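Survey of secondary and tertiary structure
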Amino acid sequence: MIIRAQKEEDTVAAGESFGRSLEKGAFIALYGDLGAGKTAFVRGLARGLGCVSAVSSPTFALMHEYLGGRLPLYHFDLYRIRGEEIYSLGFDEYFDDPNCVCAVEWCERLGPEDMPPDAVSVHIEKAGDARLIRIDED
């Protein structure tokens, strides 16, 4: 599925719509350049899950936890992480939690063996003044 987002709120709305369909154990792998809209998409995911907390980038905190929706949402940013650090910080325990949704920015920092087999890839690209959001669920 490809969605064209003209403004940030369109990116949030795309995430919200997608978030409504998520089930326990979903792993969302987010890809895109700096400023592409990954966090805006996760803001929408949180809304779609019924979470009313303010969503912000976990670039420096590395992980934010959003509770209160129909499923817990764990939002990771791996931009500053390399290799084995993921395991020393215990992130893999969240990735394997069957009762939550994980949204992980900068998933290219993970090796293919670290990705759940049913991960959903979301690629966000700048296209002029718009964004193209490609959701690969297969």
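Throughout, residues of each chain are indexed from 1 in the direction in which the sequence is written. A pLDDT threshold of at least 70 governs which residues receive local features in this predicted model, and a stricter bar of 80 or more applies before side-chain atom pairs are shown or counted, although totals over entire chains, interfaces and linings include all residues. The side-chain values count all of the structure's non-hydrogen atoms but skip hydrogen atoms and water molecules.

When two rings of Phe, Tyr or Trp (its six-membered ring) have centres within 6.5 Å they constitute a pair, described as stacked for plane angles under 30 degrees, edge-to-face for angles over 60, and tilted for the intermediate range. Evaluation of the coordinates by the stated rule reveals 2 aromatic pairs. Arranged with centres 6.2 Å apart and planes meeting at 35°, the rings of Phe-18 and Phe-41 form a pair that is tilted. Of this pair, Phe-18 sits in helix α1 (residues 8-20) while Phe-41 sits in helix α2 (residues 38-48), placing them 23 residues apart in sequence. Pairing Tyr-79 with Trp-106 gives two aromatic rings, centres 4.8 Å apart and planes at 55°, and the pair type is tilted. Linking Tyr-79 in the loop between β4 (73-77) and α3 (85-88) with Trp-106 in the loop between β5 (101-105) and β6 (120-127), this pair joins segments that are 27 residues apart in sequence. Looking at Tyr-79, the relative accessible area reads 29%, which means it is partly exposed. Partly exposed residues are those whose accessible area sits between 20% and 50% of the maximum for their type, while under 20% is buried and over 50% is exposed, using a 1.4 Å probe and protein chains only. For Trp-106, a relative accessible area of 10% translates into the label buried. Per the convention used, a helix needs a DSSP run of H or I reaching at least four residues, while a strand needs a run of E reaching at least two, with both numbered from the N terminus.

Before going further, it helps to examine the environment of Arg-134. Mapping Arg-134 onto the fold places it in strand β7 (residues 130-136). The spacing of Arg-134 and Arg-4 is 130 residues in sequence and 8.9 Å in space, taken between C-alpha atoms. The contact criterion used is simple: two residues touch if any of their non-hydrogen atoms lie within 4.5 Å. The residues touching Arg-134, leaving out its near neighbours within four places in the chain, are Met-1, Ile-2, Ser-121, Val-122, His-123 and Glu-125. Polar contacts, as counted here, are pairs of nitrogen or oxygen atoms within 3.5 Å of one another; within protein the pair requires one atom able to donate a hydrogen and one able to accept it, and residues that are adjacent in sequence qualify only if both atoms are side-chain atoms. Here the side chain of Arg-134 touches Asp-136 through a polar contact of 3.1 Å, side chain to side chain.

Burial runs high along β5: 5 of the 5 residues are buried. A two-sided burial pattern is seen for β5, the buried positions comprising Val-101, Ala-103 and Glu-105 on one face and Cys-102 and Val-104 on the other.

Multiply 1.5 Å by the residue count of a helix minus one, and that product is the helix's expected span. The terminal C-alpha atoms of α1 lie 19 Å apart, and with 13 residues this matches the ideal 18 Å at 1.5 Å per residue to within 8%. The set of residues buried in α1 consists of Thr-11, Val-12, Ala-14, Gly-15, Phe-18 and Gly-19. The arc enclosing the buried residues of α1, seen along the axis, measures out at 155°, which places them on a common side. Looking at the buried positions of α1, the neighbouring elements they touch are β1 (2-5), β2 (27-31), α2, β6 and β7. The reported arc concerns the directions from the helix axis to the C-beta atoms and nothing else.

What follows deals with the packing of α1 against α2. To get an axis, fit a line to the C-alpha atoms, keeping to the stretch in contact for a helix; angles then go from 0 to 180 degrees between the N-to-C directions. Following both chains from N to C, one finds α1 and α2 inclined at 40°, their axes separated by 6 Å at the closest point. Relative to α2, α1 is oriented oblique. Crossing of α1 over α2 shows right-handed handedness. On the side of α1, the interface is formed by Glu-8, Glu-9, Thr-11, Val-12, Ala-14, Gly-15, Glu-16, Phe-18, Gly-19 and Arg-20, while α2 contributes Ala-40, Phe-41, Arg-43, Gly-44, Leu-45, Arg-47 and Gly-48. Side-chain classes are defined by residue name, with Ala, Val, Leu, Ile, Met, Phe, Trp, Tyr, Cys and Pro counting as nonpolar, Asp, Glu, Lys and Arg as charged, and the others, Gly among them, as polar. Residues belonging to the contact of α1 with α2 are distributed by class as follows: 6 nonpolar, 5 polar and 6 charged. Any angle that is under 35 degrees is reported as roughly parallel, and any over 145 degrees as roughly antiparallel; angles of 65 to 115 degrees are reported as roughly perpendicular and all others as oblique. A crossing counts as left-handed when the near helix is turned anticlockwise from the far one by less than a right angle, and as right-handed when that turn is clockwise.

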